[in-house]
Amino acid sequence: MQQNCIKCLITTMQFRYDTGLKNQNKRIQRLDDLLSKSPFLVDGEFSLADVAVASYLLYVIQFFPDVELHSKWPNIVRYMKECAGREGYGKAFGERVQAFCVARLGEMESGAGKEKKLFGMF
């Protein structure tokens, strides 16, 4: 029993978390295509669908700082920046997180800020 626990621990320690966004991704490409035609996901207006999708995408840039999205999916970066800039996002996640996300997405758009930061923030 103890050996199985040790094997499980070693396997877990070797596991590398990934977002699935470092390489081409058909689903994300489809999302980028949709966002090239509309600023938001449902009828061109901000909705609960945007809250759900943007929450995941904005989590990625905070905790996976080496993910660069703009060169592959510029419409997604524009969308993320628009969602992060909303008043409600700042109220929900705090002004500091909001400012970080908006600034990081601006860096992606301009091609600046490619240096790695701890947790994407420090």
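Further up the page is the structure itself.
Let us look at the structure shown here. Every value quoted in this text rests on a predicted model; they were computed, and no experiment measured them. (Residues numbered from 1 in each chain as written. Predicted model: local features only at pLDDT ≥ 70, side-chain atom pairs only at ≥ 80, totals over all residues. Heavy atoms only, no water.)

Focus on the pattern of salt bridges
Under the definition given, this model contains three salt bridges. With a closest N to O distance of 3.1 Å, Glu-87 and Lys-91 form a salt bridge. Residue Glu-87 and its partner Lys-91 are located together in helix H5 (residues 87-93), separated by four residues, close to a single helical turn. Glu-87 gets classed as exposed once you look at its relative accessible area, which sits at 58%. Under the relative-accessibility criterion, Lys-91 is labelled exposed at 65%. With a shortest N-O distance of 3.6 Å, Arg-104 and Glu-107 are connected by a salt bridge. Taken as a pair, Arg-104 and Glu-107 lie in helix H6 (residues 95-110) at a separation of three residues, close to a single helical turn. (Salt bridge = Lys/Arg side-chain N within 4 Å of Asp/Glu carboxyl O. Helix = DSSP H or I, 4+ residues; strand = E, 2+ residues; numbered from the N terminus. Buried < 20%, exposed > 50% of the residue type's maximum accessible area, 1.4 Å probe, protein only.)

Focus: the environment of Leu-34
By secondary structure assignment, the location of Leu-34 is in helix H2 (residues 26-35). Between the C-alpha atoms of Leu-34 and Asn-75, which are 41 residues apart in sequence, the distance is 8.7 Å.

Regarding H2
What H2 keeps buried is the set Ile-28, Leu-31, Asp-32 and Leu-35. Projected onto a plane normal to the axis of H2, the buried residues spread over an arc of 100° and lie on a single side. Structurally, H2 contributes buried residues whose contacts are with helix H3 (48-63) and helix H4 (74-84). Residue Asn-25 occupies the N-cap position of H2, its side-chain oxygen lying 3.0 Å from the main-chain nitrogen of Arg-27. (Arc of directions from axis to C-beta. Contact = heavy atoms within 4.5 Å. Polar contact = N/O pair within 3.5 Å; in protein donor to acceptor, adjacent residues only side chain to side chain.)

As for the packing of aromatic side chains
Within the structure shown, the criterion is met by four aromatic pairs. Here the aromatic rings of Phe-40 and Phe-46 are separated by 5.5 Å at their centres, their planes lie at 85°, and the arrangement is edge-to-face. A centroid spacing of 4.9 Å and a plane angle of 35° characterise the contact between Tyr-59 and Phe-63, whose relative ring orientation is tilted. Note that Tyr-59 and Phe-63 are positioned in helix H3 at a spacing of four residues, about one turn of the helix. Grouped by ring-pair contacts, the aromatic residues Phe-40, Phe-46 and Tyr-79 constitute a single cluster. (Phe/Tyr/Trp six-rings, centres within 6.5 Å; stacked < 30°, edge-to-face > 60°.)

Comments concerning unusual backbone geometry
Phi is positive for Asp-43, close to 55°, though the residue is something other than glycine. Relative accessible area serves as the criterion here: at 73%, Asp-43 is assigned to the exposed category.

Some points on the packing of H2 against H4
Running from N to C, H2 and H4 point in directions that differ by 70°, and their axes come no closer than 8 Å. Taken as axis vectors, H2 and H4 run roughly perpendicular relative to one another. Considering only the axes of H2 and H4, their crossing is left-handed. Seen from H2, the contacting residues are Ile-28, Leu-31, Asp-32 and Leu-35; seen from H4, they are Pro-74, Asn-75, Ile-76, Arg-78 and Tyr-79. Residues belonging to the contact of H2 with H4 are distributed by class as follows: six nonpolar, one polar and two charged. (Axes fitted to C-alpha atoms, helices over the stretch in contact; angles between N-to-C directions. Parallel < 35°, antiparallel > 145°, perpendicular 65-115°, else oblique. Left-handed = near helix turned anticlockwise from the far one by under 90°. Nonpolar A, V, L, I, M, F, W, Y, C, P; charged D, E, K, R; others polar.)

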